[in-house]
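Residue-level structural notes
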2 protein chains.
Amino acid sequence: VESVVLVRREGVRADASPAAVTKSAKVFPVLLSGGAGTRLWPLSREDAPKHLIPFLGRHTLFEQALSRASDPALFEPPIVVAGAGHRFLIAEQLKGSGVSGARIVLEPVARNTAAAAAIAALFVSETAPRGLVLLMPSDHLIEDEPAFRAAVRRALPAAVAGRIVLFGITPDSPATGYGYIRMGEADAGGARSVAAFVEKPDRATAEAYVQGGKHLWNSGMALARADTLIERFASLEPELLSFARTALEEAARDSNFVQLDQHAYERCRAVSLDYAVLERSEGIAVVPAAFGWRDVGSFASLWEAAERDADGNVEIGNVVTEATKNSYVRSDGPIVATVGVDGLIVVATKDAVLVAPRERDQEIRKIVERLKGKKERRE
Amino acid sequence: VESVVLVRREGVRADASPAAVTKSAKVFPVLLSGGAGTRLWPLSREDAPKHLIPFLGRHTLFEQALSRASDPALFEPPIVVAGAGHRFLIAEQLKGSGVSGARIVLEPVARNTAAAAAIAALFVSETAPRGLVLLMPSDHLIEDEPAFRAAVRRALPAAVAGRIVLFGITPDSPATGYGYIRMGEADAGGARSVAAFVEKPDRATAEAYVQGGKHLWNSGMALARADTLIERFASLEPELLSFARTALEEAARDSNFVQLDQHAYERCRAVSLDYAVLERSEGIAVVPAAFGWRDVGSFASLWEAAERDADGNVEIGNVVTEATKNSYVRSDGPIVATVGVDGLIVVATKDAVLVAPRERDQEIRKIVERLKGKKERRE
């Protein structure tokens, strides 16, 4: 209960932030769309990753991200950072969305979020050195777009003032599948300082976080000036920044696409923005928000996000369970039956079936790598 | 090692059994084919049970059972006890096998092995009151047919003398999925008395059994005179025998088929021959044998019977495993991937997937019942 009050209070403060700052700020939404969604195999495939297929509902997660980033009162046209292999899917969905002026930066190889964020900051700074970069993973679900944009507005003052501002989600359940942010002192303008980043907690700890009202889910989104980000990279990851700079300088460009130079880009250290920059920086801010955010990047987080039955199961599609508990059982194809299992992920499509314990869903990417290896050996 | 010596010794004794007894004896092979193989769902389906589909190899298990029961020097034409729903599959495979003179007794409902054995004994006694009934489950795999027939010959003297003779398989591995028989004193003619029936043991106990040489796998096959069986039923299961007798008397008969009377047959207690008669009788005999017998009636026994890799896995078909142990993973359809599981059964066909721990494979029939319920509600 306390956490809800807290958010309301922050909301009031946000409304009180100087309108002048908000008006003059230019927010460049950067849709981070480089992932292949391998943790969601077999729902997500390398050539049809989860954020580019109608995975939940009628629109793809990428289309939904485009939609929430396309309010001209707040946002510049979007910048998409995506894998080169997905250029046609991206272009097609951009076209279908009616969003104009988007630019697409193509990664010749995937290099995790730090490299993508560095590229985004450098790319924005070409035209707007102090332009605001909104880093948005496009494989998240956000139910309440107006609330999302209101949160971005609340984050503007601190970002304009030179801070990196994260978006922390008020937890509505003791989720064990997300990282948490512990809030520090209140700042002006609706943002708080980040006291600590907390790894995925166990159940009891997560329950204490929800009760305590001082912890937020780390949504993975961030707002900062391009020059702020570049400075942080320069001091914490100078080599990565240097390779990213070269990759962009040597990029092949046409009207819509920027194809990063492979030789330089593949030398960027593959590391997450969280590890490379955020967790190693002082003065990071966080805006508490509640806009129906869910990570849907893994089966464990899908289980976490879904409504579960009395046995703790999520059952989707052609499924029969017997003496089954705390499991995520889904079929888009054959009938799937489970007997006497606990905490298992079972996902079937027309041509593939995955079985793994919920807590080992991070290892699913190994299967995808093995299958890729098999395919390459065949060719 | 001791157990192998033991079998050889018994073999010598069997050769020494009176040829006269063997010559005059008439053995009526009874193929018990009533099961729906529900423990092998989804490989085995109600309208296509495992013993009637080419499940392992080119011929069905039923065809293989017909083949090993069709030596005219030893056997009368076979009697098949099968579910009424399978009459066409049975008739077709009988025709294809070239076996002539077979008779088919159709069960209107399944009533386990005791009722089927009582029916078999009564049916044989119509024409041969002291005829020898060889009860043969038709969902077993027997690699060495000549050795099988030699074992039947070794069992003849004790059976002719009025005993129920079981076939005990010299274990070649510490299987935990089978019941065991502990041998008692040696009899004449290659048979031993049964000292005890032992339930499925744990691993350590099974290893001790293999080392000790006194335990045999209970194959579920039995040889006895029709009147011997009927006497046992009369004293141990008089009500079951009475209903079975009525079911046969009121049966609808044509040239090949005997359709048991449903009203009477469905009143027979559904219980196994082991529980109803064998484990409650004195003087049961067992013939030790080694003819490549395997129960393939459940996934646990298939796992037991198969060659396993270094991680203890059996992998069949379109399968990829990662950090997987002691599991039976099989696909006749989609690619099946397992990550981080231990002791699991994962079986996929084109239209169905089963996931269950190995030790709970007996519960698979519950799924089949649930699916049947669903289907009936739809109709």
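Further up the page is the structure itself.
Attention in this report is confined to the structure presented alongside it.

Parameters at a glance
Residues numbered from 1 in each chain as written. Chains lettered and ligands numbered in written order. Predicted model: local features only at pLDDT ≥ 70, side-chain atom pairs only at ≥ 80, totals over all residues. Heavy atoms only, no water. Helix = DSSP H or I, 4+ residues; strand = E, 2+ residues; numbered from the N terminus. Rg over C-alpha atoms; globule rule 2.2 N^0.38 Å. Buried < 20%, exposed > 50% of the residue type's maximum accessible area, 1.4 Å probe, protein only. Contact = heavy atoms within 4.5 Å. Areas by Shrake-Rupley, 256 points an atom, 1.4 Å probe, with all protein chains shown as cover. Lys, Arg positive; Asp, Glu negative; His and termini not counted. Charge placed at Lys NZ, Arg CZ, Asp CG, Glu CD. Salt bridge = Lys/Arg side-chain N within 4 Å of Asp/Glu carboxyl O. Polar contact = N/O pair within 3.5 Å; in protein donor to acceptor, adjacent residues only side chain to side chain. Nonpolar A, V, L, I, M, F, W, Y, C, P; charged D, E, K, R; others polar. Pairing = 2+ DSSP bridges. Axes fitted to C-alpha atoms, helices over the stretch in contact; angles between N-to-C directions. Parallel < 35°, antiparallel > 145°, perpendicular 65-115°, else oblique. Left-handed = near helix turned anticlockwise from the far one by under 90°. Phe/Tyr/Trp six-rings, centres within 6.5 Å; stacked < 30°, edge-to-face > 60°. Core = buried A, V, L, I, M, F, W, Y, C linked by side-chain atoms within 4.5 Å. Least-squares fit on C-alpha atoms with pLDDT ≥ 70 in both.

Before going further, it helps to spend a moment on the overall build of chain A. Across its full length, chain A carries 13 helices and 17 strands. Computed over its C-alpha atoms, the radius of gyration of chain A comes to 21 Å, within 12% of the 21 Å expected for a compact globule of 379 residues. Overall, chain A is about 60 × 55 × 35 Å in size when its C-alpha atoms are taken along their principal axes. Taken across its 379 residues, chain A has 58% of its residues classed as buried. Long-range contacts, defined as pairs at least 24 residues apart, comprise 69% of the intrachain contacts of chain A with a sequence gap of at least 6. Roughly 15700 Å² of accessible area belongs to chain A as shown, and the carbon and sulfur atoms make up 49% of that amount. Each charge class in chain A was averaged separately, 46 positive and 49 negative side chains, and the resulting centres sit 2 Å apart.

Residue-level contacts link 32 residues of chain B with 32 residues of chain A. Inspection of the chain B/chain A interface yields 2 salt bridges. Counting the contacts that link chain B with chain A gives 14 residue pairs in polar contact (both at pLDDT 80 or more). Among the elements of the structure, strand 14 (314-322), strand 15 (328-339), strand 16 (344-348), strand 17 (352-357) and helix 13 (364-378) of chain B are those that each provide at least two residues to the side of chain B that touches chain A. Of the residues that constitute the side of chain B that touches chain A, the class distribution is 21 nonpolar, 3 polar and 8 charged. As paired strands, strand 15 (residues 328-339) of chain A and strand 17 of chain B are joined by 4 bridges and run parallel to one another. Residue Ile335 of chain A lies in a different strand from strand 17 of chain B, and its bridge partner there is Ala352 of chain B.

What follows covers the pattern of salt bridges. The full count for this structure, using the stated rule, is 31 salt bridges over all chains. Here Arg225 of chain A makes a salt bridge to Asp227 of chain A, at a shortest N to O gap of 2.9 Å. With relative accessibility at 18%, the residue Asp227 of chain A sits in the buried group. A salt bridge links Arg294 of chain B to Asp172 of chain B; the nearest nitrogen and oxygen atoms lie 3.2 Å apart. Separated by 122 residues along the polypeptide, Arg294 of chain B in strand 13 (residues 293-295) and Asp172 of chain B in the loop between strand 6 (165-169) and strand 7 (180-186) bring together distant segments of the chain. Take Asp172 of chain B: its relative accessible area is 55%, and that puts it in the exposed class.

Another aspect to go through is the packing of helix 3 (residues 61-68) of chain B against helix 4 (residues 87-97) of chain B. Residue and element names in this part refer to chain B. Running from N to C, helix 3 and helix 4 point in directions that differ by 45°, and their axes come no closer than 10 Å. Considering their axes alone, helix 3 and helix 4 lie oblique with respect to each other. In terms of crossing hand, the pair formed by helix 3 and helix 4 is right-handed. Contact residues: Phe62, Glu63 and Leu66 in helix 3; Ile90, Gln93, Leu94 and Ser97 in helix 4. In terms of residue class, the contact of helix 3 with helix 4 is made up of 4 nonpolar, 2 polar and 1 charged.

Our next topic: the packing of aromatic side chains. Evaluation of the coordinates by the stated rule reveals 12 aromatic pairs over all chains. Measuring from ring centre to ring centre gives 5.6 Å for Phe148 of chain B and Phe291 of chain B, while their planes differ by 90°; the resulting arrangement is edge-to-face. In this pair, Phe148 of chain B sits in helix 6 (residues 145-160) while Phe291 of chain B sits in the loop between strand 12 (285-289) and strand 13, placing the two residues 143 residues apart along the sequence. For Phe148 of chain B, a relative accessible area of 1% gives the class buried. The exposure class assigned to Phe291 of chain B is buried, which follows from its relative accessible area of 0%. Here the aromatic cluster, defined as three or more aromatic residues joined through ring pairs, consists of Tyr178, Trp217 and Trp293 of chain A.

We now examine the nonpolar core. Grouped together as the largest cluster of nonpolar side chains are 51 residues, with contacts concentrated most on Leu135, Ile164, Leu166 and Phe233 of chain B. Ignoring anything within four residues of it in the chain, the contact list for Leu166 of chain B reads Ile181, Val194, Phe197, Met221, Ala222, Leu278, Ile284, Ala285, Val286 and Val287 of chain B. Judged by nonpolar contacts, the second largest core, of 50 residues, contains Leu122, Ala128, Val133 and Ala224 of chain A.

Moving on, we come to the relation of the copies chain B and chain A. Least-squares fitting of chain B to chain A yields an RMSD of 0.1 Å, with the superposition described by an axial translation of 0.0 Å and a rotation of 180°. Viewed as a symmetry operation, the transformation between the two copies matches a two-fold axis. Comparing interface residues between copies, 100% of those in chain B also lie at the interface in chain A; the contact surface is shared.

On to the side chain of Ser138 of chain B, then. Within the secondary structure, Ser138 of chain B sits in the loop between strand 4 (132-137) and strand 5 (140-142). When residues no more than four places from it in sequence are discounted, the contact partners of Ser138 of chain B are Leu32, Ser33, His51, Leu61, Phe62 and Ala65 of chain B.

Next up on the list: the pairing of strand 17 (residues 352-357) of chain A. Successive side chains on a regular strand alternate, one facing one side of the sheet and the next facing the other. Residues and elements named next belong to chain A. Most of strand 17 is tucked away, with 6 of its 6 residues classed as buried. Of the two faces of strand 17, the one lined by Ala352, Leu354 and Ala356 and the one lined by Val353, Val355 and Pro357 are each fully buried. In textbook terms, the turn of a hairpin is the stretch between consecutive antiparallel strands, and for strand 16 (residues 344-348) and strand 17 this stretch comprises 3 residues.

Attention shifts here to helix 8 (residues 226-236) of chain B. Residue and element names in this part refer to chain B. When you tally the buried positions in helix 8, you get 8 out of 11 residues, the bulk of the element. Within helix 8, the full set of buried residues consists of Ala226, Asp227, Thr228, Leu229, Ile230, Arg232, Phe233 and Leu236. Among the structural elements, helix 5 (112-127), strand 4, strand 9 (215-225), helix 9 (238-249) and helix 11 (273-276) are those in contact with the buried residues of helix 8.

On to the packing of helix 3 (residues 61-68) of chain A against helix 6 (residues 145-160) of chain A. All names here are of chain A. Taken N-terminus to C-terminus, the directions of helix 3 and helix 6 make an angle of 55°; their axes are 10 Å apart at the nearest point. Judged on the interaxial angle alone, helix 6 and helix 3 are oblique. The two elements helix 3 and helix 6 meet at a crossing, and its hand is right-handed. In this structure, helix 3 contributes Gln64, Ser67 and Arg68 to the contact, and helix 6 contributes Glu145, Phe148 and Arg149. Partitioned by chemical class, the residues of the contact of helix 3 with helix 6 number 1 nonpolar, 2 polar and 3 charged.

Before going further, it helps to examine helix 3 of chain B. Residues and elements named next belong to chain B. Across the 8 residues that make up helix 3, a large majority, 6, are buried. Inspection of helix 3 places Leu61, Phe62, Gln64, Ala65, Leu66 and Arg68 among the buried residues, and these make up the whole buried set. Elements in contact with the buried residues of helix 3: strand 1 (27-33), strand 2 (79-83), helix 4, strand 4, strand 5 and helix 6.

Right, let's talk about unusual backbone geometry for a bit. The general pattern is negative phi for most residues beyond glycine and trans for most peptide bonds. All names here are of chain A. With an omega of 10°, the peptide bond running from Trp41 to Pro42 counts as cis. Relative to the helices and strands, Pro42 resides in the loop between strand 1 (27-33) and helix 3. Not every positive phi belongs to a glycine, and Asn112 is a case in point at roughly 65°. Mapping Asn112 onto the fold places it in helix 5 (residues 112-127). Asn112 gets classed as partly exposed once you look at its relative accessible area, which sits at 40%.

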